[in-house]
Amino acid sequence: MKMRRTVKVFLTQSDRISGHSGFVAAMMVVVMMLIIIVEVVVRTLFSVSTLIGVEVGEYLLAAVVFLGASYTLREKGHIKIDLVLKRFKEKNQKVLNLATMGLTLIITILLARYGWHLIIQSYTLKTEAWSVLRTPLFIPQSVMVVGIILLLMQVGAELLRQLYNVQE
Amino acid sequence: MSSTFVIAILTSLLIVLLVLGQHICFALATVGFVGLFFLLGGNAPRSSGLIMWHSAAHFVLVAVPMFIFMGEILTRIGLASRLYAGLGPMLGRLPGGLLISNIGSCAVFAAISGSSLATAATIGTVAIPTMEQRGYDRGMIVGSLAGGGTLGILIPPSIIMIIYGALASESVGRLFMGGVIPGVISAGLFMLYIMIRVRAQPHLVPREETAFKIVQLRRLFADVLPAFALIFMVLGSIYLGVTTPTEAAAWGAAGAILLGLGYRKLTWQIVKEGALSAVQTTSMILLIVIGASLISYVLANLAVPRQLATAVLSLGIGKLWILTLLVLLYLVLGCFLDGASIMILTLPVIMPLIRSLGFDGVWFGVILTILLEVALLTPPVGMNLYVLQKISKADFGQLILATIPYWLIDIALIALLTACPTLVLWLPGKMIG
């Protein structure tokens, strides 16, 4: 019983954090729009191309994708085929859901592991962006890995939700 | 290891995972890692971090959230109902009445939103209740929406084309321009079909007896012109080479916000929900891109796409037969997957083949876009059919019958564009910059 309560707390917190992370990603969409607009204005008025808009736009896109990943999972926004799944008995459906979610958990751990590897590599090799900003790449890449770790948390939450049969 | 063997293993694993209900993006990543660990081995899995990063931090794809954001804002400030109200009295006077204006509204809305489902669903929610009340045949209503929806990804901006451009290294601007003329032809053929059908069976539509009034003209200007202005601004700046499609998309989103302010409909809630919706779709699509690029990395390292292209070429069958086989392949895939997934999944393997057959990359992008739409409408299970059923509550059999003419027209269009590629390539060729 105590275990079940702990699980419920984790689920609530995980859902909440994913919500915040999604909100941050949403704000980045707005910032992305503004930065690109400013870049075009500057280019038209002063005929200089800084390409900062391009570079920052790319970082923001990666941030939107990964910080939005756990939120999208919570909102059931990642698509799957349930045509065949629906034909199984309810009990078997649950087993299959657990199995595929478990596999997803392993994959997410691998993504986090190799994402971390990339950060370390960029940091030690001092990889920089080619633009005027010369951004050390490990900084935006860290945002990606933070997103993957949040995704890992939410995948774990979905797994526990199935396991403990917690209604949303 | 022979490439047939590799493809067979990875494909069957993917099918099993998808059928068992793993999320598409994670199923792709699972197969990708299986390939990285067991087919390539060694240090190969370590590349996955960099593959992930390069697939997501891609400037061309920045256009995806921008265009979705723009479409979401425009939908939420009620542009669809304004469009419908504005175009209805105009196009509704043609034989076929509001059915024609369904196609027209879809075509215009297609130039605002990047997806076929969004187009059909948005216009559908406005159109279906009014039209059923007036006594239009239900099959004809959903048919026209399904057909109109297919214009959604053909007429630019189109999310599918942006992804194609990014994956196949083709200019998104040229792809957008390539979709314009086929989109207009397609809309014209759909309208023609409705007119002929209604002439033969007049009982399918009620008599529309509204005379055109000057008030309606004023309304038309107020409701439709701002939307047209926005479309021309976005597409025009791409055509003139003033901005890249990504930059045009950002301006479009800003334009949508200004339009919302002008209509006094914009709230913080709308901006927030629009942005959140853009986050969801972007994250969903790009995680699929990432999963698929893990697989393509494996395949490319084993030289599978090149071997496949060589093998197909050595069979000595004609270009057109290979194209026909591809059409059949996509029709089958459309039973299981959504358009974006199908494209992301098949492109890395198909593209080398297409190029070695000597097809133009922009031309094939447009053909593939039409083909994906057809695939999503064809029975037994097209994904779009389900959405249309949900919003229209029509009987599934009725729905299938009603949509047949539209995808037959689209297949005829593919044949026409194959016979006459200039229809696709003329406008991109006229682009400035």
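The rules behind the values
- Residues numbered from 1 in each chain as written.
- Chains lettered and ligands numbered in written order.
- Predicted model: local features only at pLDDT ≥ 70, side-chain atom pairs only at ≥ 80, totals over all residues.
- Heavy atoms only, no water.
- Helix = DSSP H or I, 4+ residues; strand = E, 2+ residues; numbered from the N terminus.
- Rg over C-alpha atoms; globule rule 2.2 N^0.38 Å.
- Buried < 20%, exposed > 50% of the residue type's maximum accessible area, 1.4 Å probe, protein only.
- Contact = heavy atoms within 4.5 Å.
- Lys, Arg positive; Asp, Glu negative; His and termini not counted.
- Charge placed at Lys NZ, Arg CZ, Asp CG, Glu CD.
- 1 Å grid on protein atoms, 1.4 Å probe; cavity = no way out; pocket = protein on both sides within 12 Å on 5 of 7 lines; lining within 4 Å.
- Points joined across faces, edges and corners; volume = space filled by probe spheres on them.
- Nonpolar A, V, L, I, M, F, W, Y, C, P; charged D, E, K, R; others polar.
- Buried area = accessible area lost by both parts, 1.4 Å probe.
- Salt bridge = Lys/Arg side-chain N within 4 Å of Asp/Glu carboxyl O.
- Polar contact = N/O pair within 3.5 Å; in protein donor to acceptor, adjacent residues only side chain to side chain.
- Core = buried A, V, L, I, M, F, W, Y, C linked by side-chain atoms within 4.5 Å.
- pLDDT = per-residue confidence, 0-100.

Right, let's talk about the overall build of chain B for a bit. Tallying secondary structure elements over chain B gives 20 helices and 0 strands in all. The C-alpha radius of gyration computed for chain B amounts to 22 Å, which stays within 12% of the reference 22 Å derived for 433 residues, consistent with globular compactness. Taken along its principal axes, the extent of the C-alpha atoms in chain B is 75 × 45 × 45 Å. Across the 433 residues of chain B, 60% fall into the buried class. Within chain B, contacts between residues separated by at least 24 positions form 79% of all contacts whose residues are at least 6 apart in sequence. The centroid of the 22 positive side-chain charges in chain B is displaced by 4 Å from the centroid of its 14 negative side-chain charges.

Moving on to the layout of surface pockets. Residues and elements named next belong to chain B. In this structure, the second largest pocket spans a volume of roughly 970 Å³. Lining the second largest pocket are 33 residues, and of these Ile-7, Thr-11, Leu-329, Leu-333 and Thr-346 lie nearest its centre. Among the secondary structure elements, those contributing two or more residues to the lining of the second largest pocket are α1 (3-19), α13 (268-301), α14 (304-314), α15 (319-333) and α16 (339-356). Class assignment of the residues belonging to the lining of the second largest pocket gives a composition of 30 nonpolar, 3 polar and no charged.

As a further point, take the interface of chain A and chain B. Counting residues at the interface gives 57 residues for chain A and 60 residues for chain B. Contact between chain A and chain B buries roughly 5,200 Å² in total, counting both sides, with carbon and sulfur atoms accounting for 81%. Together, Ile-79, Ile-81 and Tyr-114 of chain A form the three largest contributors to the area buried by chain A at its contact with chain B, with a combined 13%. The interface formed by chain A and chain B contains 1 salt bridge. Ionic pairing is found between Arg-43 of chain A and Glu-247 of chain B, a salt bridge with its closest N-O pair at 3.0 Å. The interface formed by chain A and chain B holds 7 residue pairs in polar contact (both at pLDDT 80 or more) in total. Its residues placed into classes, the side of chain A that touches chain B shows 40 nonpolar, 12 polar and 5 charged.

Here the structure, examined in full by the defined rule, presents 9 salt bridges over all chains. Its salt-bridge partner being Glu-273 of chain B, residue Arg-76 of chain B comes within 2.8 Å of it at the nearest N-O pair. Pair noted here: Arg-76 of chain B is in helix α4 (residues 63-76) and Glu-273 of chain B is in helix α13, with a separation of 197 residues, a long-range link. Beyond isolated ion pairs, a larger network of salt bridges with shared partners links Asp-15, Glu-158 and Arg-161 of chain A.

Time to look at the nonpolar core. Core analysis: the biggest nonpolar cluster contains 211 residues, and Phe-69 and Phe-364 of chain B have the highest contact counts within it. With 18 residues, α13 of chain B is the largest single contributor of residues to this core. The residues contacting Phe-69 of chain B, other than those within four sequence positions of it, are Val-29, Val-30 and Met-33 of chain A together with Ala-253, Ile-257, Val-271, Gly-274, Ala-275 and Ala-278 of chain B.

On to the confidence of the model for chain B, then. For chain B, per-residue confidence averages 86 on the pLDDT scale, and 95% of positions sit at 70 or higher. Both scores are given for the predicted complex: the pTM is 0.91, the ipTM 0.95.

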